[in-house]
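Read off the chains here:
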Amino acid sequence: MIAEVQNTMTLTGNRALVTEQATQNESDPALGVGRLGIPVPLHCLPVTDATVLELYEYVFAPWVKMLGLREFKVCPGIVSAMLPQNDALKLSSCAVCGQAIMAAIDSVASLSVGTTGLITKGTVYQHTHFLRPAVNDDYHVRAEVLRFGKASAFTETRVSFASTGKLVAHASLEFAF
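Thresholds applied
Residues numbered from 1 in each chain as written. Predicted model: local features only at pLDDT ≥ 70, side-chain atom pairs only at ≥ 80, totals over all residues. Heavy atoms only, no water. Buried < 20%, exposed > 50% of the residue type's maximum accessible area, 1.4 Å probe, protein only. Helix = DSSP H or I, 4+ residues; strand = E, 2+ residues; numbered from the N terminus. Arc of directions from axis to C-beta. Salt bridge = Lys/Arg side-chain N within 4 Å of Asp/Glu carboxyl O. Pairing = 2+ DSSP bridges. Core = buried A, V, L, I, M, F, W, Y, C linked by side-chain atoms within 4.5 Å. Contact = heavy atoms within 4.5 Å. Polar contact = N/O pair within 3.5 Å; in protein donor to acceptor, adjacent residues only side chain to side chain.

A. A look at helix 1 (residues 52-59). Val 52, Leu 55 and Tyr 56 are the residues of helix 1 that are buried. Each buried residue of helix 1 lies within a common arc of 105° when the element is viewed along its axis, so the set occupies one face.

B. How the structure looks around the pattern of salt bridges. Summed over the entire model, instances satisfying the criterion amount to five salt bridges. In this structure, Glu 71 engages Arg 70 in a salt bridge whose closest nitrogen and oxygen atoms are separated by 3.5 Å. The partly exposed category is assigned to Glu 71, whose relative accessible area is 46%. As a salt-bridge pair, Lys 90 and Asp 87 come within 3.4 Å of each other at their nearest N and O atoms.

C. Looking closely at the pairing of strand 5 (residues 70-75). In the sheet, strand 5 pairs with strand 6 (residues 78-83) via four bridges, with the strands oriented antiparallel. Note that in strand 6 the partner of Val 74 across the bridge is Val 79.

D. Quick peek at the pairing of strand 9 (residues 152-161). Summarising burial for strand 9: seven of the ten residues are buried, a large majority. In this structure, the hairpin formed by strand 8 (residues 139-148) and strand 9 is closed by a connection of three residues. Bridging between strand 9 and strand 10 (residues 167-176) involves nine bridges; their strand directions are antiparallel. Bridging across to strand 10, Ala 153 finds its partner in Phe 175. Where strand 9 folds back on strand 10, the antiparallel hairpin that results is connected by five residues, among which Gly 165 adopts a positive phi of roughly 80°.

E. Inspection of the nonpolar core at higher detail. Within the largest apolar cluster, 41 residues are counted, with the highest numbers of intra-cluster contacts made by Leu 67, Leu 69, Phe 72, Leu 83, Leu 111, Tyr 139 and Val 159. For this core, the secondary structure elements donating two or more residues are helix 1, strand 5, strand 6, helix 3 (98-113), strand 8, strand 9 and strand 10. Ranked by residues supplied to this core, first place goes to helix 3 with nine residues. In contact with Leu 111, not counting residues within four places along its chain, are Val 47, Val 52, Leu 55, Tyr 56, Phe 60, Phe 72 and Val 79.

F. Layout of the side chain of His 170. One can find His 170 in strand 10. A polar side-chain atom of His 170 sits 2.9 Å from a polar atom in the side chain of Glu 156. The contacts of His 170, once residues within four sequence positions are left out, are His 127, Thr 128, His 129, Leu 131, Glu 156, Thr 157 and Arg 158.

Structural data, given as structure tokens:
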């Protein structure tokens, strides 16, 4: 089943109201709901070492893929990846922008939730602590699911320097099912 979502925007006073309308297509049950025109390959779930790259290519937006996450490792409830140095992600202080780090955290954590085979509706909560500036190194991002529930999952994610293992950032996230 392929579900396509069409966004429409209407103006109401000074605010824009965005609504989504889903249409169903029964032609291919091996595909789930994805970005408009890009279905999620259900054969990639649950996420494993063998399927993580294919799912990553389908699920994440092009700007997230520009982070350059690589070297994914997957175990049940745990996903890790390397966030390489990239001048495009750095502020004038030469530290990696916190927004880029938070996007990497959210991406890796959402993949860790996918190790159950469930498709999340998205991140409902993310709280990130930055412990030190992210400068002059690659970064190891490791997400672990602390609890799989019926309606949500809770994860903990750590970002550390690849060379020393010193903690750069720590985050707690919740995903809805």
